[in-house]
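# Fold and contact review
Chain by chain, the residues:
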Amino acid sequence: AACGGGDQGAMPAVSMPAASSTPVPSTGAQPAGASAIEAAWDARPDYVRHAHPRIAEAYRYALERPDVIEWMPCYCGCEGMGHRSNLDCFLRSRMAGGAVAFEEHASFCDICIETALLAKQRLAEGRSLAEIRAEVDATWGGAGVPGTDTAMPQG
């Protein structure tokens, strides 16, 4: 695989209330309110807190916009870890009560980081989720490492 497995032990859980709906199509991960995002960010683990600024930026974006990142596959080989999309490289599944746990994997994987930051940049440029997904697939899909089994965005 392109990335190592890393320590898959318990990650800090941070409580986040249920989020309101968003116009971006979603398979379930919704952005939380600003105060919940700030609380989660303030409680982020050291591997994010002390990371290179690009790594921290990607983690912050995944926390703020899971409704974007969940549509992007990851081509680092993490499907063997049970990941379903690039979002799983940054955040574990949300738990009962709206808590979220950070995932350490992306903190040491350039493909994970670059995929999230590409999505952030292209969305800011006004690109659709389908256009961003096509660029992610074209950029990393031919490298010989299978991507995660990620649903295609609508539109």
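The shown structure was predicted, so the numbers you read here are calculated from the model rather than taken from an experiment.

Scoring rules and cut-offs
Residues numbered from 1 in each chain as written. Predicted model: local features only at pLDDT ≥ 70, side-chain atom pairs only at ≥ 80, totals over all residues. Heavy atoms only, no water. Phe/Tyr/Trp six-rings, centres within 6.5 Å; stacked < 30°, edge-to-face > 60°. Helix = DSSP H or I, 4+ residues; strand = E, 2+ residues; numbered from the N terminus. Buried < 20%, exposed > 50% of the residue type's maximum accessible area, 1.4 Å probe, protein only. Polar contact = N/O pair within 3.5 Å; in protein donor to acceptor, adjacent residues only side chain to side chain. Contact = heavy atoms within 4.5 Å. pLDDT = per-residue confidence, 0-100. Axes fitted to C-alpha atoms, helices over the stretch in contact; angles between N-to-C directions. Left-handed = near helix turned anticlockwise from the far one by under 90°. Nonpolar A, V, L, I, M, F, W, Y, C, P; charged D, E, K, R; others polar.

### Some points on the packing of aromatic side chains
The tally for this structure, following the rule as stated, stands at 3 aromatic pairs. Taken together, Tyr 47, Tyr 59, Phe 90 and Phe 102 form an aromatic cluster joined through their ring pairs.

### Let's talk about the side chain of His 83
Topologically, His 83 is positioned in the loop between α4 (66-69) and β2 (100-101). Residue classification places His 83 among the buried residues on the basis of a relative accessible area of 8%. Engagement of the side chain of His 83 in a polar contact is seen with the backbone oxygen of Asp 88, the distance being 3.4 Å. If we skip the residues at most four places from it in the chain, His 83 touches Cys 78, Asp 88, Cys 89, Glu 103, His 105 and Thr 148.

### Thoughts on the confidence of the model for the protein
Taken residue by residue, the protein gives an average pLDDT of 80. The fraction at 70 or more is 74%. Looking over the protein, one finds the lowest element-wise mean pLDDT in strand β1 (residues 13-14), namely 36, and the highest in helix α5 (residues 110-124), namely 97. pLDDT under 50 marks residues 4-28. Its contacts with residues more than four places away, or in other chains, come to 69 contacts.

### A look at the packing of helix α3 (residues 53-64) against α5
Remark: α3 packs on α5, axes separated minimally by 9 Å, with the N-to-C direction vectors making an angle of 65 degrees. Two packed elements cross with a definite hand, and for α3 against α5 that hand is left-handed. Along the contact surface, α3 presents Arg 54, Ile 55, Glu 57, Ala 58 and Tyr 61, while α5 presents Ile 113, Glu 114, Ala 116, Leu 117, Ala 119, Lys 120 and Leu 123. Among the residues forming the contact of α3 with α5, the class breakdown is 8 nonpolar, no polar and 4 charged.

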